[in-house]
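Descriptive analysis of the structure
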Amino acid sequence: MAPPAASDDPDHDQKHLHVRMRDEHASIYDLITEYLQAAGKAPDWYWRTAGRLEGSDADNLEELLCSAFEAGAFISHDHPEDLEFLWVNEAECERERKAEEKGEQARESRKERSTMSHYA
């Protein structure tokens, strides 16, 4: 499933694409792992390398970027129902980012309160 064409919007030069999981509880890591397994690649190696990657590790960086790109194509082909494509301008992008930050802060606050109540 291809993203909606930005050219359908008169302001398309001012917009950029966001790709999100439709379900906020879904894990992109699971879908990437599924792709890696289907492609005959080693998920363990991929995740270990991604976790310790440094800017000077050019060979691994290229492999990770290629695999990530391939995984994106795999997910959009095999799991289009899990993805949401949004063309946004800078103001919409900033609102989204702030909303995500507030959501993160709220989750952390709830987590902290529940942890504190455990010890009370």
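What comes next concerns the included structure. (Residues numbered from 1 in each chain as written. Predicted model: local features only at pLDDT ≥ 70, side-chain atom pairs only at ≥ 80, totals over all residues. Heavy atoms only, no water.)

A few words on the pattern of salt bridges. Scanning the entire structure with this criterion turns up five salt bridges. Two residues, Glu-100 and Arg-20, come together in a salt bridge whose shortest N-O distance is 3.5 Å. Linking Glu-100 in helix H4 (residues 90–119) with Arg-20 in strand S1 (residues 16–21), this pair joins segments that are 80 residues apart in sequence. When its relative accessible area of 28% is taken as the criterion, Arg-20 is described as partly exposed. One salt bridge connects Glu-70 with Lys-41, and the closest N-O pair in it is separated by 2.8 Å. Taken together, the positions of Glu-70 in helix H3 (residues 58–78) and Lys-41 in the loop between helix H1 (28–38) and helix H2 (43–52) put the pair 29 residues apart, joining distant regions of the chain. (Salt bridge = Lys/Arg side-chain N within 4 Å of Asp/Glu carboxyl O. Helix = DSSP H or I, 4+ residues; strand = E, 2+ residues; numbered from the N terminus. Buried < 20%, exposed > 50% of the residue type's maximum accessible area, 1.4 Å probe, protein only.)

In this section: the side chain of Ser-76. For Ser-76, the position within the fold is in helix H3. A polar side-chain atom of Ser-76 sits 3.0 Å from the main-chain carbonyl oxygen of Ala-73. (Polar contact = N/O pair within 3.5 Å; in protein donor to acceptor, adjacent residues only side chain to side chain.)

Once that is clear, we can look at the packing of H1 against H2. At a minimum axis distance of 9 Å, the contact between H1 and H2 shows a crossing angle of 130°. Here H2 runs oblique to H1, going by the angle between their axes. In this structure, H1 uses Tyr-29, Ile-32, Thr-33, Leu-36 and Gln-37 to contact H2, whose residues at the interface are Pro-43, Tyr-46 and Trp-47. The residue makeup of the contact of H1 with H2, split by class, is six nonpolar, two polar and no charged. (Axes fitted to C-alpha atoms, helices over the stretch in contact; angles between N-to-C directions. Parallel < 35°, antiparallel > 145°, perpendicular 65-115°, else oblique. Contact = heavy atoms within 4.5 Å. Nonpolar A, V, L, I, M, F, W, Y, C, P; charged D, E, K, R; others polar.)

Turning our eyes to something else, we now look at the environment of Leu-31. In this fold, Leu-31 is placed in helix H1. Leu-31 sits in the buried class, given a relative accessible area of 8%. Residues Leu-31 and Asp-78, spaced 47 residues apart in sequence, show a C-alpha to C-alpha distance of 9.7 Å. Leu-31 has contacts with Met-21, Phe-74, Ile-75, His-79 and Asp-82, leaving out every residue within four places of it along the chain.

Keep in mind that these numbers describe shape and distance, not what the molecule does.
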